[in-house]
Amino acid sequence: MNPIFDTARARIAALSGHFIDGAWRKGSGATIPVLDPARETAIGAIAAGGADEVDQAVRAARRAFDAPSWSAMPAAERERLLLRLADLVEENRDELAAVETIDNGMPYGVSRMMAVGSAISAIRYHAGWPRRLTGETVPMSVPGNWHGYTTHEALGVAALIVPWNAPFAITCTKVSAALAAGCTVVLKPAELAPMSGLRLAELVAQAGFPEGVVNVVTGTGVEAGAALVGHPGIDKISFTGSTATGKAILHQSVGDLKRVSLELGGKSASIVFPDADLARAIPAVAMGIFGNSGQVCAAGSRLFLHETIFDRFIEGLVAFTQKLRVGPGTEEGIALGPLISGPQRDKVMAYIEAGKAEGAALIAGGDAPSGPGYFVNPTIFVDADPSMSIVREEIFGPVLSVMKFGDGDLDDLAARANDSIYGLSAYVWTAHLGHAHAMAKKLRSGSVKINGSGMEFALPFGGFRQSGLGREHGRHGVEAFTETKSVMVGW
Ligand code: NAI
Ligand code: MG
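Residues numbered from 1 in each chain as written. Chains lettered and ligands numbered in written order. Predicted model: local features only at pLDDT ≥ 70, side-chain atom pairs only at ≥ 80, totals over all residues. Heavy atoms only, no water.

Engineer: Even after reading the chapter, I still don't get the site of ligand 1, so can you show me in this structure?
Structural biologist: Taken together, 26 residues are adjacent to ligand 1, and Trp164, Lys188, Glu191, Gln344 and Lys347 come closest. The backbone of Val162 places a nitrogen or oxygen atom 2.8 Å from an oxygen atom of ligand 1. Between Ser242 and ligand 1, the recorded distance is 2.7 Å, taken from a backbone N or O atom to an oxygen atom. The fraction of the free accessible surface of ligand 1 (810 Å²) that becomes covered by protein chains is 85%. Counting only elements with at least two residues in the shell around ligand 1, the list comes to helix H9 (221-230), helix H10 (243-253) and helix H13 (342-357). At 4 residues, H9 tops the list of elements feeding residues into the shell around ligand 1. (Near = heavy atom within 4 Å. Polar contact = N/O pair within 3.5 Å; in protein donor to acceptor, adjacent residues only side chain to side chain. Areas by Shrake-Rupley, 256 points an atom, 1.4 Å probe, with all protein chains shown as cover. Helix = DSSP H or I, 4+ residues; strand = E, 2+ residues; numbered from the N terminus.)

Right, here's the structure in full:
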């Protein structure tokens, strides 16, 4: 096995405590074990934080926000620190990827290219913003002589609450956007995959950010997470995770009207027209649902195939799927790692049973390899329909539901794709320019990707309907950590 995993295991075992005001703190002493989901063994432990640690971290972040060392830092210096952080992440790329693979389960190649690769892109992208976060000069119509303009000012202390499915990429995206806007942060990693977030704290310190600008409190959602959301010193909450938890956070934020951004669940549609390039579409549709073992908010979990290509597409899809090797992400040649936990595996298996019971036809997978490890084989159902729970609900596992469409009104097709409480992403495969633009307009989702996909940090990302509130990435994602101020000067 690659020796990088020994290095990463030693690093994981040494990471513990909360990172507050530039120093590691033990907290109450209570800990939560952290598991390797491919082996079901403990690899380390995190401190079980609560109201006390959260309060210390928020106070440290507030002091850092008010201090001239951060608030009066020139934009160019903020840019330089972010670029330095990106360089440090890149220098530690292999080890960070190995940490992510051991803690979250994703295959090493994926964590190197996608998890850590996206983290580096996100930080570098956001590093460009401190010097470009400009307001507007506004023509004034009130009587008199006026100069009117707007500025975007940092909101203050931001709580960043991160899920376990792509922990490092999501953490680095949120941290770098918040810092680019001039906020200070308290990060709460997911208790199921917290280790790369803790490692980031060390790199932040090494990069030279002032103490207290980035703080990390570990613990469960109901203890550490809820304490953070309820803390009156928090100005902004940026959350990624389940729709249920997002709603609970929004409720809890009402008391003091905290600013809230939510990136939540999805049930995204892929639509393949008969003129699509099937050689490209088949692997992309498969990896669009099976990649990261389906634990992706924007996973294309509902597939609509045109009837004339249905058989050909399904044959190619099943053949591709059967070649995907499921196993520990530390082994070579593995395409799909385990699910994050036993409960998540059980939840996914329950959906597969429900799909069978509701009358969908299982044509691939449907089973779990024998343990240890929380594995589920990539699963395809055809003859699915919108009355079924596998079509309506976010499964967050490697389960694809396939439906058919014929020639006819594009509005009807769009209505079927839009028939969901969610609206995060949509994928369209077609060579027909008119179909491409028509679907881009008709689909009710935050992103529409035609003939391919990828994470572009310059494009806003977020959901319609119950997929969330607000946008990350792009100008919107940085402005989400600011208040807009209007200034009028009479002369
Ligand atoms: P979750 O959404 O509850 O957890 C995400 C983060 O929120 C974690 O850091 C957690 O500690 C924190 N959290 C939980 N409750 C909180 C609260 N009351 N206040 C503040 N923070 C809180 O997700 P969980 O429980 O790990 O998974 C449940 C289901 O959610 C999964 O089975 C999956 O279907 C779905 N999920 C969807 C995600 C998405 O991106 N669409 C991401 C993670 C989970
Ligand atoms: Mg873990």
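Engineer: Is there a simple way to think about the pairing of strand S18 (residues 447-450) in this case?
Structural biologist: Within a regular strand, side chains alternate between the sheet's two faces. Of the two faces of S18, only one is covered, namely that formed by Ser447 and Lys449; the face formed by Val448 and Ile450 stays uncovered. The pairing of strand S17 (residues 425-429) with S18 spans 4 bridges and is parallel. Note that in S18 the partner of Val428 across the bridge is Ile450. A crossover connection joins S17 to the parallel S18 through helix H16 (residues 433-442); in handedness this β-α-β unit is right-handed. (Buried < 20%, exposed > 50% of the residue type's maximum accessible area, 1.4 Å probe, protein only. Pairing = 2+ DSSP bridges. Right-handed = clockwise from strand over helix to strand, strands pointing away.)

Engineer: Could you clarify how one ought to interpret the pattern of salt bridges in this entry?
Structural biologist: In a structure, side chains of opposite charge can pair up when their charged atoms sit close to one another. All chains considered together, the criterion is met by 24 salt bridges. Measuring nitrogen to oxygen at the nearest pair gives 3.9 Å for the salt bridge that ties Arg9 to Asp36. Remark: Asp36 occurs in strand S3 (residues 31-36) and Arg9 occurs in helix H1 (residues 4-14); sequence separation between them is 27 residues. By relative accessible area, Asp36 is classed as buried at 1%. A salt bridge links Arg131 to Glu79, with the shortest nitrogen-to-oxygen separation between them at 3.0 Å. With Arg131 in the loop between helix H6 (108-127) and strand S5 (137-138) and Glu79 in helix H4 (residues 75-91), this pair connects stretches of sequence that are 52 residues apart. A network of salt bridges, in which partner residues are shared, links Arg11, Glu95, Arg199 and Glu202. (Salt bridge = Lys/Arg side-chain N within 4 Å of Asp/Glu carboxyl O.)

Engineer: What exactly am I supposed to notice about the nonpolar core here?
Structural biologist: Considering soluble globular proteins, one finds that nonpolar side chains tend to be buried as a cluster. Grouped together as the largest cluster of nonpolar side chains are 61 residues, with contacts concentrated most on Val89, Leu179 and Phe209. Among the elements that line this core, the one with the most residues is helix H7 (residues 167-181), at 9 residues. If near-sequence neighbours (up to four positions away) are discounted, Leu179 is found in contact with Trp70, Arg78, Leu82, Val185, Phe209, Val213 and Val214. Core analysis: the second largest hydrophobic core is formed by 31 residues, Val285, Val382, Leu424 and Tyr427 among them. (Core = buried A, V, L, I, M, F, W, Y, C linked by side-chain atoms within 4.5 Å. Contact = heavy atoms within 4.5 Å.)

Engineer: Which parts of the structure should I look at to understand the coordination of the magnesium ion (ligand 2)?
Structural biologist: Think of it this way: four donors in a tetrahedron around the metal ideally sit 109.5 degrees apart, and six in an octahedron ideally sit 90 or 180 degrees apart. Around the magnesium ion (ligand 2), the protein contributes the donor atoms Leu35 (O), Asp103 (O), Asp103 (OD) and Leu192 (O), at 2.2 to 2.4 Å from the metal centre. Along the chain, the residues donating to the magnesium ion (ligand 2) are arranged with the sequence spacing L-x67-D-x88-L. Of this pair, Leu35 sits in strand S3 while Asp103 sits in helix H5 (residues 93-104), placing them 68 residues apart in sequence. (Donors = N, O, S within 2.8 Å, 3.2 Å for Na, K, Ca; no water.)

Engineer: Honestly, the sheet that holds strand S16 (residues 399-405) in this entry has me stumped. Any pointers?
Structural biologist: Across a sheet, paired strands are connected by hydrogen bonds in the backbone, their directions being either parallel or antiparallel. Strand order in the open sheet formed by 7 strands is S14-S15-S16-S13-S12-S17-S18, and the pairing between neighbours is mixed. Both edges of this open sheet fall to strand S14 (361-364) and S18, since each of them pairs with a single strand only. Taking the axes of each pair of neighbouring strands and ignoring which way they run, one obtains an average angle of 25 degrees across the sheet. Sheet topology places strand S13 (residues 300-306) next to S16; 5 bridges connect them, and they run parallel. Residue pairing in the sheet places His306 in a bridge with Phe405 of S16. Sheet strands in contact with H13 are S14, strand S15 (379-382) and S16, and its direction is about 25 degrees off that of S15. (Axes fitted to C-alpha atoms, helices over the stretch in contact; angles between N-to-C directions.)

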